[in-house]
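Structural features, examined
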Amino acid sequence: MVDIAVEDLVHVYAQGSIRALDGVSFAIGSGQRIALIGQNGSGKTTLVRHLNGLLRPTSGRVLIDGADAAQQTVASLARRVGLVFQDPDRQIFAGSVRGEVEFGPRNLGFSGADLRATVDGALDAVGLADDARTNPYDLGGSRRKLLALASVLAMRTPVLVLDEPTTGQDLRGVERVRSVVDAAAAEGRTVIAVSHDMRFVAEGFDRVIVMRAGRLILDGTPSSVFAEASWIELRSTYVDPPPAAAIGARLGLGATPTDESLISALAAQ
Amino acid sequence: MLTLDGISYRYAGARRASLRDVSLELRDGEVLGLVGASEAGKTTLCLVASGLAPRAIGGQTVGRVLIDGTDVAAEPMHALAARVGIAFQSPTTQLSGVAATVYEEVAFGPTNLGLPRDEVIDRTARAIETLRITSLAARDPSRLSGGQMQLVAIAGLLAVGPPHFVLDEPTAQLDPAGTRLVADAVARLAADGASILIAEQKTDLLSGLCSRIVALDAGSVALSGDAAEVLADPRLRALGVAEPAVVRLARLARAAGIEPGRLTAEVSA
């Protein structure tokens, strides 16, 4: 398992003077489910791209298991940190669903029965087992997104980073993503997800990190981050608390970040 | 008025039809919501309603699409672009790829309509103002975050200013502030007489925005009618569509033996 530490990370894209990341620090232990939230352009995607070496710090450090990520090749980081892009079409290229999912683990040295097992497991987890021979571009956008998730899952990296995994997903798709996150965390893998879906965040994650303008402004459990005391900070980065949290606060029920916590608080009255 | 009259559509090379006998009327000044599970046909319907399918992407159609009484099949593509504008699900598909700045990107559409220079400048300025992206005007569109790109893509569409709009999950990557800007822009367009077809997974957004909603299931219209009625219809979940928060929480409360009145009053407050 892998520990991640981000130390005073600054990132300036070559063309502008904007500090996409402006001194971000946090540490993550293995097996946690962490959601990264905040307004568009607050630096969420930039931050996660540092975790697998796609971007290199302007200053500061990213430590993966104590080793500086900047000193490691992208290939070596890829064994430990799997990143699923927001837009699946940026990572899909194979002619079949199975071929797409095989590519990553094959490059990591999986072969024979091990390769089959990890590919089958990943296809099954996202509900694409019956589409192994389908051309990825015959799948609709939401299933292509699940395919991109499966192809990273199959690499069995100890860290899984998901950029907006629920966008474009319907009710069942969101459930799929949630069960993938839960199963990965139950195996001791660390899951970091960028999301604007606050219900998904509140119900499926242990810890919520809130960003604004390249900085970290809140970091805590869903109960604390979505509690009324945090709303001013949340709204400063254009995040609305989940509906259940807003209603619970208005009814004086305390912190009720999830539907379940709201209903049980009402029932206990 | 944009009319789909008995539309069935099959993609080139596909075994089965993606739309089956779909008829709907989009009236001027109206926002019509389109919901359904993934691959129920929402994106396909958007492509057909905008005239891109089958003419730009192939495939076979039965039935007719009429824009203000004219069959789209009889309209030259460039003329069609001025009458119905489409926002694709992925903003990277939407952006021209040739503009060096956001300003030029937004101006791309009206410039290509051959409008006088002053008119282009005026429309571009207004679209940028409406979506509050003035601070991005000098940036490179390909360097924006996913959400910022989505706002730029929609601004480009506003600048073209067609009387009919087809929006395919226009807020998928947006934070709540961006989502509200798009919703406000849509409401204002409708108030000015435009007609807007909007496919969305976010039913909370649709409940405040649409007068009517059509739910698709496997390419056919499954539910259609007054927005509030369709969104409260218990069959919606079986179609794979997430209910609005107010409907979901009321259902959960009832299941727990709690009178949902107080709770729903808080949601709608």
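Keep in mind that this is a model prediction, so the values were computed, not measured.

Examining the overall build of chain A
- Across its full length, chain A carries eleven helices and ten strands.
- Expected size for 269 residues packed as a compact globule is a radius of gyration near 18 Å; at 19 Å, chain A falls within 12% of this value.
- C-alpha extents for chain A along the principal axes are approximately 60 × 45 × 30 Å.
- Buried residues in chain A amount to 54% of all 269 residues.
- At a minimum sequence separation of 6, the contacts of chain A that also span at least 24 residues come to 65%.

Quick notes on the confidence of the model for chain B
Residue and element names in this part refer to chain B.
- Per-residue confidence for chain B gives a mean pLDDT of 92, with 98% of residues at or over 70.
- Between the elements of chain B, mean pLDDT differs from a low of 68, seen in helix H12 (residues 261-268), to a high of 98, seen in strand E9 (residues 212-217).
- For this predicted complex, the interface confidence reaches an ipTM of 0.83, while the overall pTM sits at 0.87.

Things to note about the pairing of strand E7 (residues 159-163) of chain A
Residue and element names in this part refer to chain A.
- The buried fraction of E7 amounts to five of the five residues, a majority that puts the element mostly inside the structure.
- Along E7, one buried face is formed by Val 159, Val 161 and Asp 163 and the opposite face, lined by Leu 160 and Leu 162, is buried too.
- The sheet contact formed by strand E6 (residues 81-84) and E7 spans four bridges and is parallel. Of the residues in E7, the one forming a bridge with Val 81 is Val 159.
- Summarising the sheet, E7 and strand E8 (residues 190-194) pair through five bridges and their orientation is parallel. Across the sheet, residue Leu 160 finds its bridge partner in E8, namely Val 191.
- Following the chain from E7 across helix H6 (residues 171-186) to the adjacent parallel E8, one finds a crossover that is right-handed.

Describing the interface of chain A and chain B
- Contacts between the two partners involve 34 residues from chain A and, on the opposite side, 37 residues from chain B.
- At the level of elements, helix H5 (141-153), H6, helix H10 (243-250) and helix H11 (259-268) of chain A are the ones that each hand at least two residues to the side of chain A that touches chain B.
- Its residues assigned to classes, the side of chain A that touches chain B shows eleven nonpolar, 15 polar and eight charged.

Some words on the sheet that holds strand E2 (residues 19-28) of chain A
Residue and element names in this part refer to chain A.
- The strand order across the open sheet built from four strands is E2-E1-E4-E5, with neighbouring strands paired in antiparallel fashion. Each edge of the sheet is formed by a strand with only one pairing partner; in this case those strands are E2 and strand E5 (67-68).
- Examined bridge by bridge, strand E4 (residues 59-64) and E5 share two bridges and lie antiparallel to one another. Note on E5: the bridge partner recorded for Ile 64 is Ala 67.

Brief notes about the nonpolar core
- Leu 36, Leu 149, Ala 150 and Val 161 of chain A together with Val 152, Ala 155 and Val 186 of chain B are the most contacted members of the largest nonpolar core, which totals 167 residues.
- With ten residues, the single largest contributor to this core is helix H6 (residues 146-160) of chain B.

Focus on the sheet that holds strand E4 (residues 60-67) of chain B
Residues and elements named next belong to chain B.
- Spatially, the four strands line up as an open sheet ordered E2-E1-E4-E5, and their pairing is antiparallel. Edge positions in the sheet fall to strand E2 (19-26) and strand E5 (70-71), since each has one partner strand and no second.
- Sheet topology places E4 next to E5; two bridges connect them, and they run antiparallel. Looking at E5, one finds that Ile 67 is bridged to Thr 70.
- Here helix H1 (residues 42-49) sits on the sheet and contacts strand E1 (2-10), E2 and E4; the angle it forms with E1, its principal contact strand, is near 120°.

Conventions we followed
Residues numbered from 1 in each chain as written. Chains lettered and ligands numbered in written order. Predicted model: local features only at pLDDT ≥ 70, side-chain atom pairs only at ≥ 80, totals over all residues. Helix = DSSP H or I, 4+ residues; strand = E, 2+ residues; numbered from the N terminus. Rg over C-alpha atoms; globule rule 2.2 N^0.38 Å. Buried ≥ 20, exposed ≤ 12 C-beta atoms within 10 Å, placed from the backbone. Contact = placed C-beta atoms within 7 Å. pLDDT = per-residue confidence, 0-100. Pairing = 2+ DSSP bridges. Right-handed = clockwise from strand over helix to strand, strands pointing away. Nonpolar A, V, L, I, M, F, W, Y, C, P; charged D, E, K, R; others polar. Core = buried A, V, L, I, M, F, W, Y, C linked by C-beta atoms within 7 Å. Axes fitted to C-alpha atoms, helices over the stretch in contact; angles between N-to-C directions.

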